[in-house]
Amino acid sequence: MTTEAPARTGASALPQAPAPAVPGLTERHLLSADMVADPYDHLDALRDRVPVHWSPLHHAWLVTGYDQVMRCLRERAVSADRVRPLMDAVPQGAREDAERAFGILSRWMVFNDPPQHRRLRQVFQEAFAARAVARYRAFTEKATRAVLARKAVPGRAGDLMADVAKPLPALVFARWLGIPRTDAPSFWYWNARVADLVLGTAQEESEYRASLQALVSLEEYLGDLVERRRAEPGDDLISQVLGEGRVGESVSGTEFVGMLTQMAFAGGETTSNLIANTVLALHTRPDQLAAVRAEPDLAQGAVEETLRLDGPSKMSIRTAAQDLDLDGRTLRAGDRIFLVTAAANRDPARFPDPGRFDVHRSGATHLGFGFGAHFCIGAALARLVAVAAVRTLVVDHPGLTLDDPATLAWQPSLLNRSLTALPVRY
């Protein structure tokens, strides 16, 4: 599960010198229509020629080389505190509504640096461990079959995003968090509006107000749910963490509820996009689809290759907390930094034949879930759900075909790689 603030406003703390021209490469905005559709040729060229590049268009450094991204992910001078740029993007008329909402965001672990980040993360470490997540395998597989039984009727035309990729993670994450079924419609509405705020979709003042209020409503709801679980523990994440005794000691109750809003928001969208992108990758590569069909355990390899080659996250955003040298370039304190994992994961210095989708690939670690202190805490759960969905779709639905892939559209986002729809015939 990845969560990143959009980079929309605010340039460097100090004016940057004009960026030197990159020979043979035209500066392109990553939100232009062609870059949203397919950013990879441009990102590959940028990485191969200048892996640390100041972009005047984005008012940010574009870091595209694998080693350079890894350096930033390990570097204490590169900060994850990105709440202020979000606040700066809010229209003036909505600022009064924003104070409480951004107080909640400031408690999200992804927006904190060590040692604060470590303290917050440790509260959830046991609950997110692979062995703990494995308890949900049977439920996930049952939910996958149930969703497909309703939607994937042989011969039926449908949208795999709406039919499978979105509802399946929603079912699993709601069960994992312990959200009662009767509360699910409000819960997922609030999540969608929070996504508009955090991912930069909200543009108008009314949209910001709706998103800010949704975050407050989500926090209030989860605060009430925590109190219910204190009184009547269940088999869910909240009850497990409360039972470990860290809430009230390692973290305050307010911090715990604030972090739960991050958990509620972050998991569903990433996993939905991972499922859809993997199905697309396999069904546009018949040899790889046949390999998974012949050996269903290779569904894991298909998910990993999607995370590397065309995953749900294109970049993460950081800020230079102090001056630092990176690959011979001086990044000044206050500069924004785009860690473009979509380019780093295709670096030929790390991945042989990097543009090839290979479900048997092994070797270098991809950065699809980040690395180090900010490695996605929900990676094990996202993988569990995505692999179950992909394996079942490939093995149990051999008649599944895609509509013309050339007609597919992608959501305009700096951060996410998300289809608007995936039309299929089951």
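Residues numbered from 1 in each chain as written. Predicted model: local features only at pLDDT ≥ 70, side-chain atom pairs only at ≥ 80, totals over all residues. Heavy atoms only, no water.

(A) Molecular detail of the side chain of Glu 304. Relative to the assigned elements, Glu 304 resides in helix α16 (residues 299-309). In this structure Glu 304 comes out as buried when scored by relative accessible area, which is 18%. When sequence neighbours within four positions are dropped, the list of residues in contact with Glu 304 reads His 366 and Arg 383. (Helix = DSSP H or I, 4+ residues; strand = E, 2+ residues; numbered from the N terminus. Buried < 20%, exposed > 50% of the residue type's maximum accessible area, 1.4 Å probe, protein only. Contact = heavy atoms within 4.5 Å.)

(B) View of the packing of aromatic side chains. Taken as a whole and judged by the stated rule, the model has eleven aromatic pairs. Aromatic pair Phe 124 and Phe 256: ring centres 5.8 Å apart, planes at 25 degrees, arrangement stacked. Of the two residues, Phe 124 is situated in helix α6 (residues 116-128) and Phe 256 in helix α14 (residues 253-283); the sequence distance between them amounts to 132 residues. The class of Phe 124 is buried, set by a relative accessible area of 0%. Between the aromatic rings of Trp 190 and Tyr 221, the centroid separation amounts to 5.8 Å while the plane-to-plane angle is 50 degrees, which identifies the pairing as tilted. Of this pair, Trp 190 sits in helix α11 (residues 184-198) while Tyr 221 sits in helix α12 (residues 205-231), and the two are 31 residues apart along the sequence. In this structure, Trp 190 and Tyr 221 share a single accessibility class: buried. Joined through ring pairs, the aromatic side chains of Phe 124, Phe 128, Phe 173, Trp 176 and Phe 256 make up one cluster. Lying across the ring of Phe 139, Arg 175 places its NZ or CZ 5.8 Å from the centre. The ring centre of Trp 410 lies 3.6 Å from the NZ or CZ of Arg 417, which sits over that ring. (Phe/Tyr/Trp six-rings, centres within 6.5 Å; stacked < 30°, edge-to-face > 60°. Lys NZ or Arg CZ within 6 Å of the ring centre and 35° of its normal.)

(C) Region of interest: the environment of Arg 391. Tracing the chain through its elements places Arg 391 in helix α18 (residues 379-396). Judged by its relative accessible area of 24%, Arg 391 is partly exposed. Here the alpha-carbon distance between Arg 391 and Gly 378, two residues 13 residues apart in the chain, equals 20 Å. With near-sequence residues (within four places) excluded, Arg 391 lies in contact with Glu 141, Pro 296, Asp 297, Ala 299 and Asp 396.

Without other data, these values stay purely geometric and don't point to any function.
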